[in-house]
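Residues per chain are reported as follows:
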Amino acid sequence: MIEQLLIALFSGGHCLITGAPGLAKTLLVKSIARIFDLKFQRIQFTPDLMPADITGSEILQDLRDSRKMQFVPGRSSPTSSG
């Protein structure tokens, strides 16, 4: 788990950590954030919240004569305005 978390961190990606309560998931992320002097944020998921709601997603835009992919940021994405 630590290796995969570090790969996500160094590649600039996102990491969704799931598991039973009490497995030290939050402690792991807090510790890594402290080591690398990063901002720590925790999001408590509910059954109706999807990962793309947080990270954002690519959507296909239909234009008059073509199509293009466009990134729509999620609610807590660094590029999100809200």
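Just so we're clear, the structure is a prediction, and the values are computed from it rather than from any experiment.

Student: Sorry if this is basic, but what is going on with the overall build of the protein here?
Tutor: When you go through the protein residue by residue, the secondary structure sums to three helices and two strands. From first element to last, N terminus to C terminus, the protein shows the α and β order α-α-α-β-β. A globule of 82 residues ought to have a C-alpha radius of gyration of about 12 Å, yet the protein, at 16 Å, is considerably larger. Dimensions of the protein, computed from C-alpha atoms along their principal axes, come out at roughly 50 × 30 × 25 Å. Buried positions account for 13% of the 82 residues belonging to the protein. Across the protein, contacts joining residues at least 24 apart in sequence account for 21% of those joining residues at least 6 apart. Accessible area of the protein: about 6900 Å², with a carbon and sulfur share of 56%. Averaging the coordinates of the 9 positive side-chain charges in the protein and doing the same for the 7 negative ones gives two points 8 Å apart.

Student: Could you clarify how one ought to interpret the side chain of K25 in this entry?
Tutor: Of note, K25 is situated in helix α2 (residues 25–35). As a buried residue without a salt bridge, K25 has its nearest oppositely charged side chain in D48, at a separation of 18 Å.

Student: What is the right way to read the packing of helix α1 (residues 2–10) against α2 from this model?
Tutor: Packed helices, taken two at a time, are described by the angle their axes make and the gap between the axes. The N-to-C vectors of α1 and α2 enclose an angle of 45 degrees; their axes lie 12 Å apart at closest approach. The angle between α1 and α2 falls in the class oblique. Every pair of crossing elements has a handedness; the one defined by α1 and α2 is right-handed. Contacts from I2, L5, L6 and L9 in α1 reach L28, V29 and I32 in α2. Looking at the contact of α1 with α2 residue by residue, the class counts come to seven nonpolar, no polar and no charged.

Student: Could you clarify how one ought to interpret the pattern of salt bridges in this entry?
Tutor: Opposite charge on two side chains makes pairing possible when the charged atoms of those side chains draw close. Within the structure shown, the criterion is met by one salt bridge. In this structure, R67 engages D62 in a salt bridge whose closest nitrogen and oxygen atoms are separated by 2.7 Å. Among the residues examined, D62 registers a relative accessible area of 55% and is labelled exposed.

Student: It is not clear to me how the environment of M1 should be interpreted in this structure. Could you clarify?
Tutor: Mapped onto the elements of the fold, M1 is located in the segment before α1. Note: C-alpha distance between M1 and V72 (71 residues apart in sequence) is 28 Å. Among all residues touching M1, those that are not within four sequence positions of it are I17, K25 and L28.

Conventions adopted
- Every residue gets a number counted from 1 within its own chain, in the order that chain's sequence is written.
- Local features in a predicted model are, by the rule used here, given only for residues with pLDDT of at least 70; side-chain atom pairs are given and counted only at 80 or more, and totals for whole chains, interfaces and linings are based on all residues.
- As a rule here, side-chain values cover all heavy atoms of the structure and leave hydrogens and water aside.
- Put simply, DSSP H or I for four residues or longer makes a helix, DSSP E for two residues or longer makes a strand, and each gets a number counted from the N terminus.
- Only C-alpha atoms enter the radius of gyration, while the globule expectation follows 2.2 Å times N to the 0.38, with N the number of residues.
- Buried, partly exposed and exposed residues are distinguished by accessible area as a fraction of the type maximum, computed with a 1.4 Å probe on protein chains only: under 20%, between the cut-offs, and over 50%, respectively.
- Note on contacts: a residue pair is in contact if any heavy atoms of the two residues lie within 4.5 Å.
- Computed with a 1.4 Å probe, the accessible areas rest on the Shrake-Rupley method; for each residue, only the protein chains presented here act as cover.
- The charged-residue count follows a simple rule in which Lys and Arg add positive charge and Asp and Glu add negative charge, with His and chain termini not counted at all.
- Where a charge lies is defined by one atom per residue type, namely NZ (Lys), CZ (Arg), CG (Asp) and CD (Glu).
- Definition used for salt bridges: Asp or Glu carboxyl oxygen within 4 Å of a side-chain nitrogen of Lys or Arg.
- Lines fitted to the C-alpha atoms define the axes, with helices restricted to the stretch that makes contact. Angles between their N-to-C directions range from 0 to 180 degrees.
- Note that the term roughly parallel is reserved for angles under 35 degrees, roughly antiparallel for angles over 145, roughly perpendicular for angles of 65 to 115, and oblique for everything else.
- Here a crossing is called left-handed whenever its near helix is offset anticlockwise from the far helix by less than a right angle, and right-handed whenever the offset is clockwise.
- Residues are grouped as follows: Ala, Val, Leu, Ile, Met, Phe, Trp, Tyr, Cys and Pro are nonpolar; Asp, Glu, Lys and Arg are charged; all remaining types, including Gly, are polar.

The values are spatial; any link to function lies outside them.
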